[in-house]
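A structural walkthrough
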Amino acid sequence: MGLSYVSADVIWVLLGAALVFFMQAGFAMVETGFTRAKNAGNIIMKNLMDFAIGTPIFWCFGFGLMFAGTGSLIGGLDFFIQGDYSFMGLSVPLWAYAIFQTVFCATAATIVSGAMAERTKFISYCIYSAVISAFIYPVSGHWIWGGGWLAQLGFHDFAGSTAVHMVGGVAALIGAKILGPRIGKYDKDGKPRAIPGHSLTLGALGVFILWFCWFGFNGCSTISISSEESMIAAGRIFFTTNLSAATATVAVMIITWIRYKKPDVSMTLNGSLAGLVAITAGCDVVTPVGAFCIGLIAAFVVVFGIEFVDKVLKIDDPVGAIGVHGMCGATGTLLTGLFAYYLTDDAGNPLGLFYGGGFSFLGTQALGVVSVIAWVAVTMTIVFTVIKKTVGLRASREEEVRGLDVTEHNLASSYADFLPMPPQVLTGETENATSVLLQSHDVPTAAPAIQPAATEAKLTKLSILCRQESFSQLKEAMNAIGVTGMTVTQVLGYGLQKGRDAYYRGVKLDDAKLLPKVKVEIVVSKVPVETVIEAAREALYTGRVGDGKIFVYNVENTVRIRTGEQGFDALQGED
C-alpha cells in the first residue's frame, strides 16, 4: 500500500484505455463497410462480443498469464487478478493498468473477425475469440511485455505491432485459410472475383476513428506523462504515428493510381491503417525520417501483400486484415531494428542498423517476429481445427447465401428503413401521370366501382433512359411543356458502348459494365408524344455515347385506384 501516484499519469492511462476501447467502433465500421449489407448486423455483433467476452476472460485468466511473474514463458496463474504486482513498479494503480491492458487484448481478438467475415458461425467466433483472450494473446504478450524471454533478449515492440496486430493478423490468416473463401469469390480457374463492400462511407469513418484512437494506442503506452522524459517521448510518439500513417496513405494512393489507372478508395483506406500498424512497434524510438520510411515501406507491403493473399495464396480476406495487421505488423517490428535511434546500448549508441547499431538488435527483432508467428500459427490451427470438428466453423451454404444477419440473428435487415422500394416510385402526379401511391387518409372502407371512361383519348407511355446527372434538365423540360408527373427509377445497364471496366482492390468487377442510369416513365394523352420526345432529346443531348434512349408504348388503359376512373379521366386532377 503506501504507494503514491501522480494524477496526470493515472488520467493519461485511463484516457488511453478509453481511446483504445473506442477502436472497437472503428474496427466495426471498417469491417461492416467492407462487407455486404446482409452481414452487417453479424459483424457488429461480433465486434461487440469479442470485447464483452474478452473482458471477463482476461480478468479471470489472461492478465495473470501475462503479468503475474517474470518467468520466461508465462507470468503465472492468478485468477481474478488477486496477486501482488508490486514487483512491476507500476506508476499507476493496478486496476488502471489492468483496464489499459484489457482493451489491448480486445483489439487483438477483433482483428480476426474481418478476415473471416461473412461465412463464420457466430458461436464459433465467440469460442475462438475467448481462447485468444484467455491464452494465446497473454502468453506471447508475456514474452514481449511481461518480462518473458523476448523481453530479456531486448526485443522492442513499444505498443504492439507484433504483440497485438501481428497476433491478430496471423490468427486471421490461419482462420481464413481453414475456413475457405466466400461463395463466388473465385471462378473455376481460381481467378479472384471482386466482392465490393456495401459502404465505403462506413469504412472511411472506421479508418478515421482508428487513426484518432491510435494516438491513445501508441501515445498513452508511455504509461506516464508526468516526467520531462515521458512528455518528450509522448510528443515524439504522436508525431511519428501520424507521419507514418499519412505517408502510407499518400503512397498507397499513388501506387494504386499507377497500378489500377485510378486511385483505389478501399486500398487507400487500408494504407492508412498499414502505416499506423507498422509504426506501432518503434514509434517511441524512431526519428521523423524513420517514421516516414516505415510508412512508405508499409504502403508497398499492404498493396502487394493484399494482392498476394488474394491472388496467389487464394485466401479470401474481405477487409485486408492479413495484409494490414499481419504483414505490416511484422514489417514494422523488423524496421524498428533498422531505424531505432532513441533506443541505445549502455554506451549511448543507437541500436538501429542504419545508425551503426549492427545486426544484433535486428536479429532479435526477427527472432521475436518468427517466434510469435510460430506460436500463433500452431495454437490457432489447433483451436480452429477443434472447432471445425465439433460445433463447426463455417456457416452452411444456404446461410451464407441468405446472409448471416437473418440466419444467425433472425434480423431481416440491418437497414430496415432502407429496404428496397418497389420497382417504381412516384415523384409527382398531374393530368399526364399515372398514380401508384396510396394515401391512407383518402382510402374509403370499400373501393368505389370502376367508372366508364368519359373520353376515349389515346394513352401513350414513354420510358426515357438517361444519365443520372441529366435528370434535372429532363424534369425542367417536361415541366415546361406541361408534363409535371413522372415515375423515376434508379437502374443499371449499358448499350452498344458495353459500359466501362472498374476495379475493386485491384480485382476487375464482373458487373462493372452495368452503368448507373435513371429511368423516367411518363404516360401522356393531351400533350403530343412528339412534343415530349423532342423536349426530352433537347434536354438530354450532349453528343456523347450514353446520352440515353426513349421507348414509346401504347397504353391499353389506366385506372385510378382511389376513384375508379379510367383512361384519360384517371390522369386528371390529384389524389
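Each value, and the rule that gives it
Residues numbered from 1 in each chain as written. Predicted model: local features only at pLDDT ≥ 70, side-chain atom pairs only at ≥ 80, totals over all residues. Heavy atoms only, no water. Helix = DSSP H or I, 4+ residues; strand = E, 2+ residues; numbered from the N terminus. Expected span 1.5 Å × (residues − 1). Buried < 20%, exposed > 50% of the residue type's maximum accessible area, 1.4 Å probe, protein only. Core = buried A, V, L, I, M, F, W, Y, C linked by side-chain atoms within 4.5 Å. Contact = heavy atoms within 4.5 Å. pLDDT = per-residue confidence, 0-100. Salt bridge = Lys/Arg side-chain N within 4 Å of Asp/Glu carboxyl O. 1 Å grid on protein atoms, 1.4 Å probe; cavity = no way out; pocket = protein on both sides within 12 Å on 5 of 7 lines; lining within 4 Å. Points joined across faces, edges and corners; volume = space filled by probe spheres on them. Nonpolar A, V, L, I, M, F, W, Y, C, P; charged D, E, K, R; others polar.

With respect to helix H9 (residues 265–279)
The end-to-end C-alpha separation of H9 is 22 Å, in line with the 21 Å expected for 15 residues at 1.5 Å each. Among the 15 residues that make up H9, 14 are buried, leaving the element largely enclosed by the rest of the structure.

Structural notes on the nonpolar core
In this structure, Phe 63, Tyr 128, Tyr 137, Val 376 and Met 380 are the most contacted members of the largest nonpolar core, which totals 115 residues. Sort the elements by how many residues they give to this core and helix H3 (residues 94–115) lands first, with 14 residues. Excluding anything up to four places from it in sequence, Tyr 137 contacts Phe 58, Met 66, Gln 101, Phe 104, Cys 105, Ala 108, Ile 132, Trp 145, Ala 163 and Val 164. In this structure, Val 483, Val 488, Val 524 and Ala 536 belong to the second largest nonpolar core, which totals 20 residues.

Brief notes about unusual backbone geometry
Positive phi outside glycine occurs at Ile 223, with the angle close to 65 degrees. With relative accessibility at 14%, the residue Ile 223 sits in the buried group. With phi around 75 degrees, Lys 261 is a residue other than glycine that occupies positive phi space. As for its position among the elements, Lys 261 is in the loop between helix H8 (228–260) and H9.

Comments concerning the environment of Gly 392
Mapped onto the elements, Gly 392 comes out in the loop between helix H12 (360–389) and helix H13 (397–402). A residue is classified by how much of its surface remains accessible, and Gly 392, at 13% relative accessible area, is buried. Between the C-alpha atoms of Gly 392 and Thr 120, which are 272 residues apart in sequence, the distance is 9.0 Å. Look past the residues within four positions of Gly 392 in its chain and what remains in contact with it is Lys 121, Ser 124 and Ile 387.

Observations concerning the confidence of the model for the chain
Chain-level pLDDT for the chain is 90 on average; 90% of the residues reach the 70-or-more range. The model gives residues 419–444 a pLDDT under 50, and that stretch makes 59 contacts with residues more than four places away or in other chains.

Description of the pattern of salt bridges
One pass over the structure, following the stated rule, counts 9 salt bridges. For the salt bridge of Lys 185 with Asp 310, the shortest nitrogen-to-oxygen distance reads 3.3 Å. On the criterion of sequence distance, the pair formed by Lys 185 in the loop between helix H6 (161–179) and helix H7 (200–219) and Asp 310 in helix H10 (residues 288–312) is long-range, its members being 125 residues apart. Both residues of the pair, Lys 185 and Asp 310, count as buried. Its salt-bridge partner being Glu 521, residue Lys 461 comes within 2.8 Å of it at the nearest N-O pair. Residue Lys 461 is located in strand S2 (residues 459–466), and its partner Glu 521 is located in strand S6 (residues 515–524); the two are separated by 60 residues in the primary sequence. The exposure class of Lys 461 is partly exposed, given its relative accessible area of 24%.

Quick look at the layout of surface pockets
Reported here for the largest pocket is a volume of approximately 790 Å³. Taken together, 33 residues form the lining of the largest pocket, with Phe 158, Ser 221, Thr 222, Ile 223 and Asp 284 sitting closest to its centre. If you list the elements that add at least two residues to the lining of the largest pocket, you get H3, helix H4 (122–145) and H8. Per-element accounting of the lining of the largest pocket gives the leading share, 6 residues, to H8. Here the residues of the lining of the largest pocket sort into 18 nonpolar, 11 polar and 4 charged.

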